[in-house]
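Reading the structure
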Amino acid sequence: MGLCVAHSEIVKQRPCDIYAAASTPCVAAHSTVRSLYAKYSGALYQVKRASDNATENIGLLSDGYANAATQDAFCAKTTCIITKIYDQSAEHNDLAISPGGYYKGPGPNGSDLGAAADALPVTAGGHQVYGVSISPGMGYRNNRTSGIAVKGKPEGMYMVSSGTHFNSGCCFDYGNAETSGTDTGAGHMDTVNVSRDLSWPTCHNGSGPGVHADLENGIFHWNQRSCNPAANVGGGPRPFISAWLKNNGQTRFALKWGDAQSGGLNTIYSGALPSGYAPMRQEGAIILGIGGDNSHASAGSFFEGVMTTGFPTDSADNAIQSNIVAVGYGAPTGLSGTLTPGSEISLQATTSCCTGDYVRNENGTAVIAPITSSSPEQDKGDSTWIVRRGLADNSCVSFESRNNPGDFLRHLNLALHVQQFDGTSLSRSDATFCPQLGKDGKGNSFRSVNDPTKYIRHYYGKLYVASDGDSTNPWDTTALWTDDVSFIVSPPWSP
Ligand code: AHR
């Protein structure tokens, strides 16, 4: 991976430069999105393609963002998974697909699965790059690290994750864990966790996840085994969040969260370690997307994360939060209103009943509903779609939700849903549609790639893939079919 001549001149300070200047240097720095040091010039991650099992390293553009075009070219006409996320620090603590642990993964010899390399296309630094989209069964680990805190040493960590892609399964963690892949007891883990903690179901009063510390045998919101409402990521949807944990290893720890698109950090807790966890007994392995014992029931998104040696200062954390916000995670692509990949669009119904209605996500179901310029921001975002190259066929398109990165419009039992793409071939095909001229002469119609007699259709407010008659399903009726399958592609409602 060559260093572009202008690289070090163009790239300004990055998170690990800030932590180094504050005397808490990074001992791990992982990202599929960008360099975390101004001077890093190596590869960010490795992908493996299904067609011949060949691997390729994905490196950097001159401004320090991932060269996703390398991945697109290498994985064209086949599929790829992420096999390694390189550590950009001098410690070389690379993450590989987890070999498994007490809980065996669904992969070969009990290993976990790798994330689909194209599952999470997002904008960052003005480029289209890819995040790591973890579904249950996937995870990354390094059990033989160097420089990571052990046995009560201080450390800090953060990850940029998602406030719209998460679940309540154990354990969407990033950080320090057991080297054996087994649960060795309280304090043997020190990881930041993003999830909906089902131990305290009434704790979550909004739609977002919470940011917690998984310290082993406990997901802590603070130093008690109870709900801390401040752990909740409120005010959503927040497609990109930053989640922070620091621990002095002896007496105290702190948790914070931020919106990775704007603003500063919110302190969740700063105080004593839970009883039985002081001093900490970290072992120094690194995990991503799993629990210390390889519990792999979690879902989440990962864009960047670092671990430090030493307890970081709040001012360094704040400077890094500003640095993250300056990335422009999920910022508008600049393209709009066309079916070109990267373009942001709305899809307006053309049937005379419903010309004020647009295709939108309603809690995972695709519907048409009225949207205007004065609609709430949530509704505008839920009716904004980012056109992506078709997940199953590059000559067609897929539609990614603006509010829920990694969630795509797909059919399931003939109804249209908005779901996290998990890399399976069925979810690829179900989320791929081939545009044609509108069947009623207006806009476009979208043919299902794996059910080619069927087109996206609205019927009594809901969306389906429907054929023109020829079935007992009510949404296949020929009445109004040409109108119901035709949509005007326009610029989106959200800015
Ligand atoms: O602490 C929660 C989880 O409990 C850990 O991640 C895992 O090792 C154990 O099952």
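Anything mentioned here points back to the structure above.
Residues numbered from 1 in each chain as written. Predicted model: local features only at pLDDT ≥ 70, side-chain atom pairs only at ≥ 80, totals over all residues. Heavy atoms only, no water.

1. Quick word on the overall build of the protein
How we decide: Secondary structure elements follow DSSP: runs of H or I of four or more residues count as helices, runs of E of two or more count as strands, with numbering from the N terminus. Relative accessibility under 20% of the residue-type maximum defines a buried residue, over 50% an exposed one, and the middle range a partly exposed one, all with a 1.4 Å probe and only protein chains included. Method for areas: the Shrake-Rupley scheme with a 1.4 Å probe, in which residue coverage is limited to the protein chains shown.
Tallying secondary structure elements over the protein gives seven helices and 32 strands in all. Along the longest, intermediate and shortest principal axes, the C-alpha atoms of the protein span 70 × 55 × 45 Å. Counting the 495 residues in the protein, one finds 58% classified as buried. Surface exposure of the protein reaches about 17700 Å², of which carbon and sulfur atoms provide 52%.

2. Remarks on the side chain of E304
Selection criterion: The term polar contact refers here to a pair of N or O atoms within 3.5 Å; inside protein, the definition further demands a hydrogen-donor-capable atom paired with an acceptor-capable atom, and it admits residues adjacent in sequence only when both atoms are side-chain atoms. Only heavy atoms matter for contacts: two residues are in contact if any of them lie within 4.5 Å across the pair.
Examined against the element boundaries, E304 turns out to sit in strand β20 (residues 304-308). There is a polar contact of 2.7 Å between the side chain of E304 and the side chain of Y329. Excluding residues that lie within four positions of it along the chain, E304 makes contacts with P15, H30, S31, R34, L36, Y158, M159, V160, I324 and Y329.

3. Re the state of the cysteines
Cysteine pairs can be covalently joined through their sulfur atoms, and such a bond is termed a disulfide. The cut-off we apply is this: In this description, the term disulfide denotes a pair of cysteine sulfurs within 2.5 Å.
A full pass over the atoms with the stated rule returns six disulfides. Between the sulfur atoms of C75 and its disulfide mate C80 the distance is 2.1 Å. Looking down the S-S bond of the C75 and C80 bridge, the torsion is -105°, so its handedness is left-handed. Using a relative accessible area of 11% as the deciding quantity, one classes C75 as buried. Between the sulfur atoms of C203 and its disulfide mate C227 the distance is 2.1 Å. Judged by the torsion about the S-S bond (75°), the C203/C227 disulfide is right-handed. With C203 in the loop between β12 (190-195) and β13 (210-214) and C227 in the loop between β14 (219-220) and β15 (241-247), this pair connects stretches of sequence that are 24 residues apart. Since its relative accessible area comes to 3%, C203 is described here as buried. Once the disulfide-bonded cysteines of the protein are ranked by sequence position, their pairing pattern turns out to be 1-2, 3-4, 5-6, 7-8, 9-10, 11-12.

4. Remarks on the site of the ligand
As a reminder of what qualifies: If a single non-hydrogen atom of a residue is within 4 Å of a molecule or strand, that residue counts as near it. We call Asp, Glu, Lys and Arg charged. Ala, Val, Leu, Ile, Met, Phe, Trp, Tyr, Cys and Pro are nonpolar, and the rest, Gly among them, are polar.
As a matter of local geometry, the ligand sits amid C170, C171, D173, M189, D214, E216, N217, G218, G291, G292, D293 and S295. Within the side chain of E216, one N or O atom sits 2.8 Å away from an oxygen atom of the ligand. D293 is positioned such that a nitrogen or oxygen atom in its side chain is 2.5 Å from an oxygen atom of the ligand. Look at the ligand: alone it shows 280 Å² of surface, and the protein chains cover 87% of it. When grouped by side-chain class, the residues that make up the shell around the ligand number three nonpolar, five polar and four charged.

5. Description of the pairing of strand β4 (residues 80-85)
The line we're drawing: Here a strand pair is declared whenever DSSP counts at least two bridges between the two strands.
In terms of strand pairing, strand β2 (residues 45-49) meets β4 through five bridges, oriented antiparallel. Its bridge partner lying in β4, Y45 is registered against I85. Across two bridges, the pairing between β4 and strand β5 (residues 95-97) is antiparallel. Looking at β5, one finds that I85 is bridged to L95.

6. Focus: the sheet that holds strand β16 (residues 252-259)
Test applied: Angles here are taken between N-to-C directions and fall from 0 to 180 degrees, while the axes themselves are lines fitted to C-alpha atoms, restricted in helices to the stretch in contact.
On the basis of which strands lie adjacent, the open sheet formed by six strands has the order β1-β20-β10-β15-β16-β17 and antiparallel pairing. Each edge of the open sheet carries a strand with a single partner, namely β1 (26-31) and β17 (262-272). The mean angle between the axes of side-by-side strands here comes to 10°, regardless of whether they run parallel or antiparallel. Pairing of strand β10 (residues 155-161) with β20, which is carried by four bridges, proceeds in the antiparallel orientation. Bridge pairing in β20 links Y158 to V306.

7. Remarks on unusual backbone geometry
Most peptide bonds take the trans configuration, and most residues that are not glycine carry a negative phi. The residue after C170, namely C171, is reached through a cis peptide bond having omega 5°. Within the secondary structure, C171 is located in the loop between β10 and β11 (173-177). Across the junction of A278 and P279, the peptide omega takes the value 0°, indicating a cis bond. Locating P279 in the fold gives a position in the loop between β17 and β18 (285-288). In this structure, N217 takes a positive phi of about 55° despite not being glycine. By relative accessible area, N217 is classed as partly exposed at 41%. A positive phi angle, near 65°, is found at N294, a position not held by glycine. Within the secondary structure, N294 sits in the loop between β18 and β19 (300-302).

8. Thoughts on the sheet that holds β12
Spatial strand order, β3-β2-β4-β5-β9-β18-β11-β12-β13-β14: 10 strands in an open sheet with antiparallel pairing. Of all strands in the sheet, those with a lone pairing partner are β3 (55-58) and β14, marking the two edges. Two strands pair when backbone bridges link them, and β12 and β13 are joined in this way by five bridges, in the antiparallel orientation. Across the sheet, T191 pairs through a bridge with D214, a residue of β13.

9. Focus: the nonpolar core
Operational definition: Only buried residues count toward a nonpolar core. Its members are Ala, Val, Leu, Ile, Met, Phe, Trp, Tyr and Cys residues joined through side-chain atoms within 4.5 Å.
Among the nonpolar cores identified, the biggest contains 79 residues, and V47, Y158, Y174, V211 and Y329 are the most heavily contacted of them. Discounting residues that sit within four places of it in the chain, V211 has contacts with V192, N193, V194, A231, V233, I241, A243, W244, L255, K256, W257 and I268. Of all hydrophobic cores here, the second largest spans 21 residues; its members include V359, V418, L463 and V489.

10. Some words on the pairing of strand β26 (residues 407-412)
Among the six residues in β26, five count as buried, and that is most of the element. Of the pairings in the sheet, the one linking β26 to strand β27 (residues 415-420) comprises six bridges and is antiparallel in character. Across the sheet, residue L412 finds its bridge partner in β27, namely A415.

11. Topic: helix α4 (residues 314-327)
Rules: Expected helix span is taken as 1.5 Å per residue step, with the number of steps being one fewer than the number of residues.
Here α4 is 14 residues long and its end C-alpha atoms lie 20 Å apart, about the 20 Å a rise of 1.5 Å per residue gives. A positive backbone phi angle near 75° is found at G328, which sits one or two residues after α4.

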